[in-house]
Amino acid sequence: MSCVDEVLEAAKRAGINLGADEAQEIVAILEKKLAKKMANAGADQNLDLFNLAKEIAKQARINAAIMRKTRLLNMRAYTKIMTKLKDNPDNPGQALEAILTGDIRVISDGLGSVDRRQQAISLEYAGQLVAALRKKDLENLFKSGDLDELIYKAMFDGPDSMDLSVAGAKEAVEIAEVVQKVQKQLLKRKNRNGAVIGELKNYVVRQGHDPIMLRKEGKDNWVNYMLEQDGSGSYIRLSEQTFESKSQFKDGVEYTDQDFIGDIYDNLVSGQHQKVDGTDKMGDQLLGFTGPSNLAKKLSTSRVIHFKDGQAAFDYASKFTRQKFSESVVNGIIHDGQSIGLMETFGTNPKAMFDRILQDAQKINKTNFKAKDTIKIKRLENQFKELDGTTRARGSGRLLLGGTVDFAGIGAAWRMLQNMAKLGAATISSFSDIATKASFINSRTDRNIFTSYAKAFSDIFRNYSGKEQKQLAYLLNVGVENFLGDVHSRFGANDSLPGMMGKMHQMFFRLNGMTWWNNAQKTGLARMISADLASYTNRAFDSIPTKTRLNLQRYGINAEDWAVYSSMEKKALDGNDYLVPSAVDDVDASILQAGALREANLTRKRKLKKVTDVEIQRYKDNLRTKLSSYLTDAADTAIPTPGAKERAIMNMGTERGTVLGEAIRAIMQLKGFPITYVTKGMSQQYHAKKQAGESGIYGLAQMMVGTTVMGYLSMTTKDILKGKSPAEVYDDREGFNYRTFVRAFTQGGGAGIYGDFVFGEFNRFGRSPLETFAGPTFGTAADALKLWSSLLEGKTDQVTKNGFRMIVSNTPFINLFYTKTALDYLFLYGMMEKTNPGYLKRMERKIERETDQEYYIPPSRSAVRF
């Protein structure tokens, strides 16, 4: 009997359904291990083949147990999802969309979606990280990058290897300990959901691999760099552990180290390692295993590239990523949060489970055409692509500009530049957030509309910059956005770049006030909701005010969960008690055990009498994430921030770096607010009011009136800053000024940030409606074509005046609301008059004719002339 036959027979006896290919690979791994032991054995050493065979057999039994666990997790996931679809037999598509991205029409867990779980988990662990660093006054050092090399060494080689007399070494060790604690928590949570990742001591961070930098280096050069050897023939950078997962043969041919590292390169430049759907064949196996076909792969480790020491890991990161250590850590947390959010809903192979659910949902409803029509395949697939990272992964597009950037990079950089050129007054344009926030408070709590507006306004003037205030914000998972620097995600595609342009982008939103505004509004709302919940913990679930109770139910929080939350210790600050997600960890063990047992028996015919520690931990995870989802989604709804549903509309399932994908992202730039205003604002306001027994239409009208009023306040503030008189709501000739109403409604009641572009002085001049709708990129392209046409026709005057206007409208930082007026009067107006004589007089007449406004200080008389 051959070795392969013996493995097959042994597997059969163990109850494992093994194929010949898997058996052959097991034999190859055994032979490889044997060859290594023979090469390393001395002349007087005996090889213990028996123990080696026992090692392989033991691992095979372990993997059989992993397979059983995987099947159980997937069976649970499938049962839960199909139960939710069956609970909504007339609209399974709505139920499935609620599972993916949320739908307020589904009251029971309708907003506890995968999208919200991913966001909540990522922010929860990022918040823990930042809170711990801030507590030790290490946050700025962590972000600076000054100690990155020392931190790499401390994490990889251990704190005992560090010379604490070296400047910064002590702080590096402390930072390393904080990061490793959070990483360990994430690792355990991934393992609880089907991953099998060992706790590696020699590990720093999920290594960044910039596809552009790798492609610029070239495959051969990269492989040679990774496999560089010292005088004794050992690899300088890679540990031997890297090659333990390598097969001896591939397609019947010897599989060399060069081949193996070359395949890793191909995987990295494709962008697959950036996705979280399990298609990354070479990287972290975060999503577990799909079945027997992966048995041989389970004999290897979960990570592929293993560096020899901390210095080698740091050198690689410095050479092949543009991220600082802090950015890599945060990106790793976000990636893990996305993976966990998918696994906790769709099992160990989310994409395969999603496809199966789609197929089965259609089969079940094959004769119920009305129900089947609710399953919008393309829309659901586009939403899943946002959840698994397909639309964010940067693939192997063609390199441009001397190999320094690709098409995706150019597209993202241009959109950032447009943001910085167009959104100087974004904070003022965001005054309508006060109305959406007040409407949210009114429809989700027992506060009346006047108290709701008072609360929304008061958060503008409160100071959330104190140490304790920031610490609480991090614990509520709403203060982390500033740390992550992703305020820009409100305005378009969430695809910012590392490097100089990304840093400028973040600086711009700090300078124009949006970072402060977002933090104040979201933190204020989360604090209010958290304090409300803390005040209700002495009540039974049914006694909680109706609107709050309904909102808890939308995130899957029921009476049993509430009993656990009520037993939690509150966070006391500024005279108030707050309910924070992390307090779940300190709940009495007997309460958690009872809750975990109840949860485990919900889907079991044969009831358990006792639950494992893993089940208890999974129950705690779920409790924390439900409460975290409640807080973070409330903030993102009240202060309209696009989620996966909105990004699916904006990106349409297209990938970055493709012509279509970049064109769609350009068209959708600045449209994040109006889309989110409809999907999260209007829709949720209507249904929340209706479900609470009030008029949905009245609630909708209430919010739209509020945003229109705030839109008028926004445009009036900008007019005053420009030196104009406010637009009249009533005039002496026509009575009600409908043009002012339209501007106010468009500015506040839907267009919001996009109104800055629609009503921009330099952008609206001479533009067609189609050019305006297509967004700043295509508007600028149209301007460039007109300029080129004028140049060909020899119209030098047109070239001069339109060229200057085009330069001004595309120059970053010159439109900040608190500097723009001075810049206009001291320079820009004069230059416009110089390039286009009579321009200022015509501008004043046009404004008076169209909006019935005048300048307090007319530019034609007061602007500096050249």
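Everything numeric here is computed off the predicted structure, so don't read it as measured data.

### With respect to helix 24 (residues 514–535)
Because each turn of an α-helix spans 3.6 residues, side chains separated by three or four positions in sequence point in the same direction.
Link 1 in the chain: The terminal C-alpha atoms of helix 24, which comprises 22 residues, lie 31 Å apart, in line with the 32 Å expected from a rise of 1.5 Å per residue.
Link 2 in the chain: Taken across its 22 residues, helix 24 has 20 buried, putting it largely inside the fold.

### Focus: the packing of helix 38 (residues 820–835) against helix 39 (residues 839–851)
Link 1 in the chain: At their nearest, the axes of helix 38 and helix 39 sit 8 Å apart, and the two run at 110 degrees to each other. Judged by the inter-axis angle, helix 38 sits roughly perpendicular to helix 39. Counted together, Tyr 829, Met 832 and Glu 833 of helix 38 and Tyr 839, Leu 840 and Met 843 of helix 39 form the full contact between these two elements.
Link 2 in the chain: Here the contact of helix 38 with helix 39 is built from residues that sort into five nonpolar, no polar and one charged.

### A closer look at helix 28 (residues 613–638)
Link 1 in the chain: The first and last C-alpha atoms of helix 28 sit 38 Å apart over 26 residues, in line with the 38 Å expected at 1.5 Å per residue.
Link 2 in the chain: Burial runs high along helix 28: 22 of the 26 residues are buried.

### Considering the packing of aromatic side chains
Link 1 in the chain: Summed over the entire model, instances satisfying the criterion amount to 26 aromatic pairs.
Link 2 in the chain: A ring pair is formed by Phe 354 and Phe 384, whose centres lie 4.5 Å apart and whose planes are at 10 degrees; its orientation type is stacked. Here Phe 354 is found in helix 14 (residues 350–364), whereas its partner Phe 384 is found in helix 16 (residues 377–387), with 30 residues between them in sequence. We note that Phe 354, like Phe 384, is buried.
Link 3 in the chain: On the numbers, 5.4 Å between centres and 75 degrees between planes, the contact of Phe 508 with Phe 509 is edge-to-face.

### Focus on unusual backbone geometry
Link 1 in the chain: In this model, Asn 477 sits at a positive phi of 70 degrees, which is unusual for a non-glycine residue.
Link 2 in the chain: You can see Asn 477 is positioned in the loop between helix 21 (467–475) and helix 22 (480–484).
Link 3 in the chain: For Asn 477, a relative accessible area of 3% corresponds to the buried category.
Link 4 in the chain: The backbone of Phe 813 sits at a positive phi, close to 75 degrees, despite the residue not being glycine.
Link 5 in the chain: With respect to the helices, strands and loops of the structure, Phe 813 is situated in the loop between helix 37 (796–809) and helix 38.

### Digging into the confidence of the model for the chain
Link 1 in the chain: In this model, the chain carries a mean pLDDT of 83, and residues with pLDDT of at least 70 account for 83%.
Link 2 in the chain: Mean pLDDT values over the elements of the chain span from 51, in helix 34 (residues 753–758), up to 97, in helix 4 (residues 92–100).
Link 3 in the chain: Across residues 42–47, confidence stays below pLDDT 50; counting only partners more than four residues off in sequence or on other chains, it has five contacts.
Link 4 in the chain: Counting contacts from residues 761–766, a segment whose pLDDT is below 50, to residues more than four positions away or on other chains yields 19 contacts.

### What to know about the environment of Val 166
Link 1 in the chain: Mapped onto the secondary structure, Val 166 falls in the loop between helix 7 (148–157) and helix 8 (169–192).
Link 2 in the chain: Residue Val 166 is classed as partly exposed on the basis of its relative accessible area of 39%.
Link 3 in the chain: Sequence separation between Val 166 and Leu 150 is 16 residues, and the spatial gap between their C-alpha atoms is 9.6 Å.

### With respect to the nonpolar core
Link 1 in the chain: Formed by 61 residues in total, the largest nonpolar core has its most connected members in Trp 222, Ile 261 and Phe 325.
Link 2 in the chain: For this core, the elements supplying multiple residues, two or more each, are helix 5 (114–135), helix 7, helix 8, helix 10 (219–226), helix 11 (257–270), helix 12 (310–320) and helix 13 (325–346).
Link 3 in the chain: With nine residues, helix 8 is the single largest residue contributor to this core.
Link 4 in the chain: Apart from residues lying up to four places away in sequence, Trp 222 is in contact with Leu 214, Glu 217, Ile 261, Ile 264, Tyr 265, Leu 268, Ile 305, Tyr 316 and Phe 320.
Link 5 in the chain: In terms of nonpolar packing, the next biggest core, distinct from the first, is built from 46 residues, Leu 552, Tyr 555, Leu 627 and Ala 634 among them.

### Quick word on the pattern of salt bridges
Link 1 in the chain: Tallied over the entire structure, the rule returns 36 salt bridges.
Link 2 in the chain: When the shortest N-O distance is used, the salt bridge between Lys 84 and Asp 109 registers 2.8 Å. You can see Lys 84 sitting in helix 3 (residues 49–86) and its partner Asp 109 sitting in the loop between helix 4 and helix 5, a full 25 residues away along the chain.
Link 3 in the chain: The partner of Glu 174 in a salt bridge is Lys 170, with the nearest N and O atoms 3.2 Å apart. With Glu 174 and Lys 170 both in helix 8 and four residues apart, the pair spans about one turn of that helix.
Link 4 in the chain: A single salt-bridge network, built from bridges that share partners, covers Arg 117, Glu 124, Arg 189, Arg 192, Glu 344, Asp 585, Asp 621 and Arg 624.

### So, the side chain of Asn 419
Link 1 in the chain: With respect to the helices, strands and loops of the structure, Asn 419 is situated in helix 17 (residues 407–422).
Link 2 in the chain: The class of Asn 419 is buried, set by a relative accessible area of 6%.
Link 3 in the chain: Excluding residues within four positions of it along the chain, Asn 419 makes contact with His 505, Phe 508, Phe 509, Gln 669 and Leu 670.

### Looking at the environment of Ala 531
Link 1 in the chain: By the secondary structure assignment, Ala 531 is in helix 24.
Link 2 in the chain: Spatially, the C-alpha atoms of Ala 531 and Asn 576 are 6.7 Å apart, while their sequence positions differ by 45 residues.

### Some details on the packing of helix 29 (residues 644–651) against helix 31 (residues 672–691)
Link 1 in the chain: Close contact between helix 29 and helix 31 brings their axes to 10 Å; oriented N to C, the two are set at 130 degrees. Relative to helix 31, the element helix 29 is oriented oblique. The chirality of how helix 29 crosses helix 31 is right-handed. On the side of helix 29, the interface is formed by Lys 645, Glu 646, Ile 649 and Met 650, while helix 31 contributes Gly 672, Ile 675, Thr 676, Thr 679 and Lys 680.

### Describing a nonpolar patch on the surface
Link 1 in the chain: Taken together, the side chains of Val 729, Tyr 730, Phe 736, Tyr 738, Phe 741 and Val 742 present a nonpolar region at the surface, about 610 Å² in accessible area.
Link 2 in the chain: Looking at where Tyr 738 falls in the secondary structure, it is placed in helix 33 (residues 738–748).

### A word on a positive patch on the surface
Link 1 in the chain: A cluster of basic residues, Lys 841, Arg 842, Arg 845, Arg 849 and Arg 861, forms a positive patch at the surface.
Link 2 in the chain: Among the elements that line the positive patch, the one with the most residues is helix 39, at four residues.
Link 3 in the chain: Counting through the fold element by element, Arg 845 comes out in helix 39.
Link 4 in the chain: A residue is classified by how much of its surface remains accessible, and Arg 845, at 48% relative accessible area, is partly exposed.

Rules behind the numbers
- Residues numbered from 1 in each chain as written.
- Predicted model: local features only at pLDDT ≥ 70, side-chain atom pairs only at ≥ 80, totals over all residues.
- Heavy atoms only, no water.
- Helix = DSSP H or I, 4+ residues; strand = E, 2+ residues; numbered from the N terminus.
- Expected span 1.5 Å × (residues − 1).
- Buried < 20%, exposed > 50% of the residue type's maximum accessible area, 1.4 Å probe, protein only.
- Axes fitted to C-alpha atoms, helices over the stretch in contact; angles between N-to-C directions.
- Parallel < 35°, antiparallel > 145°, perpendicular 65-115°, else oblique.
- Contact = heavy atoms within 4.5 Å.
- Nonpolar A, V, L, I, M, F, W, Y, C, P; charged D, E, K, R; others polar.
- Phe/Tyr/Trp six-rings, centres within 6.5 Å; stacked < 30°, edge-to-face > 60°.
- pLDDT = per-residue confidence, 0-100.
- Core = buried A, V, L, I, M, F, W, Y, C linked by side-chain atoms within 4.5 Å.
- Salt bridge = Lys/Arg side-chain N within 4 Å of Asp/Glu carboxyl O.
- Left-handed = near helix turned anticlockwise from the far one by under 90°.
- Patch = residues over 30% accessible without salt bridge, like charges linked within 9 Å, V, L, I, M, F, W, Y side chains within 5 Å.
- Areas by Shrake-Rupley, 256 points an atom, 1.4 Å probe, with all protein chains shown as cover.
- Lys, Arg positive; Asp, Glu negative; His and termini not counted.
- Charge placed at Lys NZ, Arg CZ, Asp CG, Glu CD.

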